[in-house]
Amino acid sequence: MAIAKEQLDSAEKRVLQIVSRYGANEEHLLQILHDVQADDNSLSEAELIQVARAMDIPLSRVYGVATFYSMYSVRPRGKFIIRICESAPCHITGAQSVIRAFEQALGIKMGETTKDRKFTLEYTSCLGVCGVAPAVMINDRVYGNLTPDKVQEVLSACEND
Amino acid sequence: MEFFRSHVLVCSGVNCSFRGSRSVRAALVEEIRAQGLDKEVRVIETGCFGLCEAGPVMVIYPEAVHYCRVVPDDVKEIVEEHLRKGRIVDRLLYKGEAQVKGVQTWRQIDFYSRQKRVVLRNCGLIDPDSIDEYIAREGYEALGRALRMQPMEVIQAVKDSGLRGRGGAGFPTGLKWDFTARAAGDQKYLICNADEGEPGTFKDRLILEGDPHSVIEGMAIAAYAIGASKGFIYFRGEYKLSIDRLTHALEQARAYGLLGKNIFDSGFSFDIEIKVGAGAYVCGEETALINSMEGKRGEPRFKPPYPASVGLWGKPTCVNNVETLANIPSIIRQGADWFRSIGTAKCPGTKVFTLTGNINNAGLIEVPMGITLREVVYDIGGGIPHGRAFKMAQTGGTSGGCLPEALLDVPMDIDSLATAGSALGSGALMIMDDSHCIIDVVKCFLQFFRHESCGQCTPCREGTQRLYELVDKISRMEATEKDVELIRRLARTMEDASLCALGQTAPFPVLTTMRFFPEEYEAHIVHGMCPAGVCAAASQIA
Amino acid sequence: MKMKSLDELKKLREKAQETIRLREQEEGTKIVVGMGTCGIAAGAREVMLALVDELQKKNLKDVVVTQTGCAGLCEKEPLVDVIRPGEPKITYGYMTAEKARSMVTSHIVNGQVIGEYVIAREDSGD
Ligand SMILES: Cc1cc2nc3c(=O)[nH]c(=O)nc-3n(C[C@H](O)[C@H](O)[C@H](O)COP(=O)(O)O)c2cc1C
Ligand code: FES
Ligand code: FES
């Protein structure tokens, strides 16, 4: 499917700016993708094409990297990405019930995004805050010691941000 | 210089931060000012104390009084009573399981008094944002001394100390440095591995946040020894907080000329750059990490050649773990003999463990190698909460082994744990009580592996998926003895044929639980029941 | 400032150690000021501030000043205890900022207890 020219054009300026911040060297690709993704939590096809052009790397390579790492997404995601830890220390301190509480509160399943594009629910491996397990990371912030009761509170904290 | 009669150290480690230590600190500063004590009392943010379970943690000097679970509402009382009148606020003191009365100073708390702090010697004692406080604790002395030695002498000192890598594999550090130093080529690199993706591990982050200069100093010494002028710290993408701290520490070190050109007028130049990952456990593996740093997919490379000869951009590269590097300054300053006086003959020194799961004092501890699992769980960890019984300890993280109660007296060092059928690994230590089902957690481990397998080699990509399905079958009470046999065969294939240690060790938790908890497997397979009632419950809900 | 030698590092270290000494101390002389409500009313804060200031001026590093609650001797406030390792605890009463300063000079520096201010002596059983 061809991509509309407007999409390509609108991605171009931003991407060029970001690439020039680090340099077009391939070693900076991960950081560049982090920054490109920062506006809407996902990497559109137009953005990937522009990154490939600006850095002079084959698109397949850029796409390969974008799909390898779990912090990137080539599918549209919500404004808040709720990454729920499903590793063992969180699992045995009650992550399952927290997952169910999030699903219920948002009316979506894990892996889905709410209709208003606000929240996306994702699984993640250990976030390195097992001292306060069970934990979730929402964008850059971590919430720990969760119980199903606290889920609503966490969601409202996002809304008020 | 201003003099303060009292210092209040508030933990700003991640765990305490998430429990609200920032607002506690802010409230404290405010209240101290309101009560006119701001010329007498200084508030300092410090790194993790280790007792994260009881966070936010705070220690007030000179009395060294240790307060736990402090919330902003407690602040007024602390200032009014303790700082103004010198009356200790009893209700905020640390209380062990059996204690009614709180323990006042942190030095008296079992949790601390049984530890041996080498790597964490400054955590909870200094302000990590102040290079001066690090220097006050003999910081950068070791670097100065190392630069007066020949590189080979430095390597020899590390070899003599017997230090082994703390990133998981336990490879002798001095030997690794030696290989890199001897490799042909002018351009060499040093990488500090701060990817830390092993579930249940958060030590590297807390070391870097609590005492960043110990790692920077260790890196500078390592770089001098192997002949590298450029170093990198590879962080996992989720560790934003640590990255900011470290950036600040690097700037301070540069300002003092402890990084940069011609350090200590020795002719040696070295600087450090930060690299950030994007969420992939396998990137902790050193060759995958190198690929990721080059901007590629983080897939492990074939070994040999090892990074020591062909590493980052094809140049000789030494990859060391954060904790390994943080040990270096003390070794250079206090000598190999001192280091060997701690721990066991084959595993000298200490190990930092992260205690997680069903344990009272979840957090960060440092103990001599060879301490028993029982001491860690009961004397330091404070035992199992809610009056439940110990069921299993997993050492070494998700790819480590699962030990039963009968093995609680196993010494915690690289070799003893390997002999017992487990691994020391990164120092993750997860304790599980008897309300949980072995099959259910094993499924959770395998979920991790099938998710994190990079997919490059077939035994690992397919094996982790099939293993998960087989154990899932057991948890649904649909498996037979034949499936158990299949698991064993599959495990052997994965161990033999996977490209990297991810696939090679993925079957570990299945194999160790089959060995140590056969009755759980039998119950699910033969009797169609889950003794802990977990698996049945899950299927009913589904 | 770029450091050029181990000597320069040492100089900086000595200076920096002042800042954190308070946290490393496990033994050494302790001066304890009674800071109950009555103590404060009687002027204990001035006494304490004078002590801190005097120690600082005299560069006495191994001494810490801490506080305690009401000792039950309210009428003799402000009270100051001096505990030196291996010596009996000395309690001074009716202290003032002046007296506190001279106590530092004679007791802490020279080891001479000022008899006329003393209201109690107690062997350190611990
Ligand atoms: C799948 C996998 C993940 C790993 N993750 C880490 C990690 O997060 N941190 C780390 O230091 N080492 C990790 N390692 C070990 C590294 O490959 C390497 O051995 C280590 O960084 C060397 O440092 P050391 O000798 O100081 O231990 C991992 C290994 C494998 C196979
Ligand atoms: S296991 Fe969930 S944060 Fe570590
Ligand atoms: S983070 Fe505060 S004690 Fe560990």
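Residues numbered from 1 in each chain as written. Chains lettered and ligands numbered in written order. Predicted model: local features only at pLDDT ≥ 70, side-chain atom pairs only at ≥ 80, totals over all residues. Heavy atoms only, no water.

A look at the arrangement of the chains
- The top pair by number of contacts, from a total of two pairs of chains in contact, is chains A and B.
- There is a clear gap between chain A and chain C: no contact, and 26 Å between their nearest C-alpha atoms. (Contact = heavy atoms within 4.5 Å.)

A closer look at the side chain of B:Glu217
Residues and elements named next belong to chain B.
- Topologically, Glu217 is positioned in helix 10 (residues 212-226).
- No salt bridge is formed by the buried Glu217; its nearest oppositely charged neighbour, Arg333, is found at 5.3 Å.
- Engagement of the side chain of Glu217 in a polar contact is seen with the backbone nitrogen of Tyr140, the distance being 3.0 Å.
- Ignoring any residue separated from it by four or fewer positions in sequence, one finds Glu217 in contact with Tyr134, Gly139, Tyr140, Glu141, Ala142, Leu143 and Pro329. (Helix = DSSP H or I, 4+ residues; strand = E, 2+ residues; numbered from the N terminus. Buried < 20%, exposed > 50% of the residue type's maximum accessible area, 1.4 Å probe, protein only. Lys, Arg positive; Asp, Glu negative; His and termini not counted. Salt bridge = Lys/Arg side-chain N within 4 Å of Asp/Glu carboxyl O. Polar contact = N/O pair within 3.5 Å; in protein donor to acceptor, adjacent residues only side chain to side chain.)

Topic: the domain arrangement of chain B
All names here are of chain B.
- Assigned domains within chain B: domain 1 (6-113), domain 2 (131-339), domain 3 (350-433) and domain 4 (438-541).
- On a C-alpha basis, the centres of domain 1 and domain 3 stand 28 Å from each other.
- Taken together, the contact pairs nine residues of domain 1 with eleven residues of domain 3.
- Between domain 1 and domain 3, roughly 720 Å² of surface is buried when both sides are summed, and carbon and sulfur atoms account for 52% of that area.
- Put simply, domain 1 and domain 3 have zero salt bridges between them. (Domains from an automatic or database assignment. Buried area = accessible area lost by both parts, 1.4 Å probe.)

A look at the nonpolar core
- Core analysis: the largest hydrophobic core is formed by 203 residues, its most contacted members being A:Leu33, B:Tyr140, B:Trp177 and B:Phe270.
- The element that contributes the greatest number of residues to this core is helix 10 of chain B, accounting for ten residues.
- Here B:Phe270 is in contact with B:Leu190, B:Met219, B:Ala220, B:Ala223, B:Ala228, B:Ser229, B:Lys230, B:Gly231, B:Leu259, B:Gly260 and B:Ile263, once residues within four sequence places are set aside.
- Grouped together as the second largest cluster of nonpolar side chains are 23 residues, C:Val33, C:Val52, C:Met103 and C:Ile114 included. (Core = buried A, V, L, I, M, F, W, Y, C linked by side-chain atoms within 4.5 Å.)

Side note on the sheet that holds strand 3 (residues 80-83) of chain C
All names here are of chain C.
- Pairing in this open sheet of five strands is mixed, and the strands run 2-1-3-4-5 from one edge to the other. Edge positions in the sheet fall to strand 2 (63-68) and strand 5 (118-122), since each has one partner strand and no second. Mean inter-strand twist for the sheet, computed between neighbouring axes without regard to direction, equals 20 degrees.
- Sheet topology places strand 3 next to strand 4 (residues 89-92); three bridges connect them, and they run antiparallel. (Pairing = 2+ DSSP bridges. Axes fitted to C-alpha atoms, helices over the stretch in contact; angles between N-to-C directions.)

A short note on the packing of helix 10 of chain B against helix 11 (residues 240-255) of chain B
Residues and elements named next belong to chain B.
- It is the contact of helix 10 with helix 11, at a shortest axis distance of 10 Å, that shows an interaxial angle of 55 degrees. Taken as axis vectors, helix 10 and helix 11 run oblique relative to one another. Read as a crossing pair, helix 10 and helix 11 show a hand that is right-handed. Where helix 10 abuts helix 11, its residues Pro212, His213 and Ile216 lie against Leu246, Ala249, Leu250, Gln252 and Ala253. (Parallel < 35°, antiparallel > 145°, perpendicular 65-115°, else oblique. Left-handed = near helix turned anticlockwise from the far one by under 90°.)

Concerning the sheet that holds strand 1 (residues 80-85) of chain A
Residues and elements named next belong to chain A.
- An order of 2-1-3-4 is seen for the four strands of this open sheet, with the pairing classed as mixed. The open sheet has two edge strands with one neighbour each: strand 2 (119-124) and strand 4 (141-143). Geometrically, the sheet is characterised by an average inter-axis angle of 25 degrees between neighbouring strands, direction not taken into account.
- Pairing of strand 1 with strand 2 involves six bridges; the strand directions are parallel. Its bridge partner lying in strand 2, Ile82 is registered against Leu121.
- Its contacts with the sheet place helix 7 (residues 151-159) against strand 1, strand 2, strand 3 (136-138) and strand 4, and it is angled at close to 125 degrees to strand 2.

Thoughts on the interface of chain B and chain C
- Counting residues at the interface gives 45 residues for chain B and 36 residues for chain C.
- Across the chain B to chain C interface the summed buried area is about 3,500 Å²; carbon plus sulfur atoms make up 57%.
- Viewed at the interface, chain C and chain B are joined by four salt bridges.
- Those elements that provide at least two residues to the side of chain B that touches chain C are strand 1 (6-11), strand 2 (41-46), helix 3 (75-85), helix 5 (131-136), helix 6 (141-146) and helix 11 of chain B.
- Here the residues of the side of chain B that touches chain C sort into 18 nonpolar, nine polar and 18 charged. (Nonpolar A, V, L, I, M, F, W, Y, C, P; charged D, E, K, R; others polar.)

What about the pairing of strand 2 of chain B?
All names here are of chain B.
- Among the six residues in strand 2, five count as buried, and that is most of the element.
- Inspection of the sheet shows strand 1 paired to strand 2 by six bridges, in the parallel sense. Paired with Cys11 across the two strands is Thr46, which belongs to strand 2.

Considering the interface of chain B and chain A
- Tallying the contact residues gives 53 residues for chain B and 36 residues for chain A.
- Taken over both partners, the interface formed by chain B and chain A buries close to 3,500 Å², and the fraction arising from carbon and sulfur atoms is 58%.
- When the area that chain B buries against chain A is broken down by residue, the three leading residues are B:Phe18, B:Glu238 and B:Ala278, summing to 17%.
- The shortest N-O distance in the salt bridge between A:Glu27 and B:Lys275 comes to 2.6 Å.
- At the junction of chain B with chain A, the criterion picks out 18 residue pairs in polar contact (both at pLDDT 80 or more).
- For the side of chain B that touches chain A, the elements supplying multiple residues, two or more each, are helix 1 (14-18), strand 7 (271-276), helix 12 (286-293), strand 9 (350-357), strand 13 (428-433) and helix 16 (438-452) of chain B.
- The biggest single contributor to the side of chain B that touches chain A is helix 16 of chain B, with eight residues.
- Considered class by class, the residues forming the side of chain B that touches chain A number 22 nonpolar, 16 polar and 15 charged.

Quick notes on the packing of aromatic side chains
- For the structure on display, the rule yields 16 aromatic pairs over all chains.
- Here B:Tyr281 and B:Phe448 contribute two aromatic rings whose centre-to-centre distance is 4.8 Å and whose plane-to-plane angle is 65 degrees, an arrangement assigned as edge-to-face. Taken together, the positions of B:Tyr281 in the loop between strand 7 and helix 12 and B:Phe448 in helix 16 put the pair 167 residues apart, joining distant regions of the chain.
- Accessibility expressed as a relative area gives 15% for B:Tyr281, which makes it buried.
- Taking 5.4 Å as the distance between ring centres and 70 degrees as the angle between the ring planes, the aromatic pair formed by B:Phe448 and B:Phe449 counts as edge-to-face. Per residue, the accessibility class of B:Phe448 equals that of B:Phe449, and both read buried.
- Every member of this aromatic cluster is reached through a ring pair, and the members are A:Phe68, A:Tyr69 and A:Tyr72.
- Here the guanidinium or amino end of C:Lys99 rests over the ring plane of C:Tyr117, the centre of that ring lying 5.1 Å away. (Phe/Tyr/Trp six-rings, centres within 6.5 Å; stacked < 30°, edge-to-face > 60°. Lys NZ or Arg CZ within 6 Å of the ring centre and 35° of its normal.)

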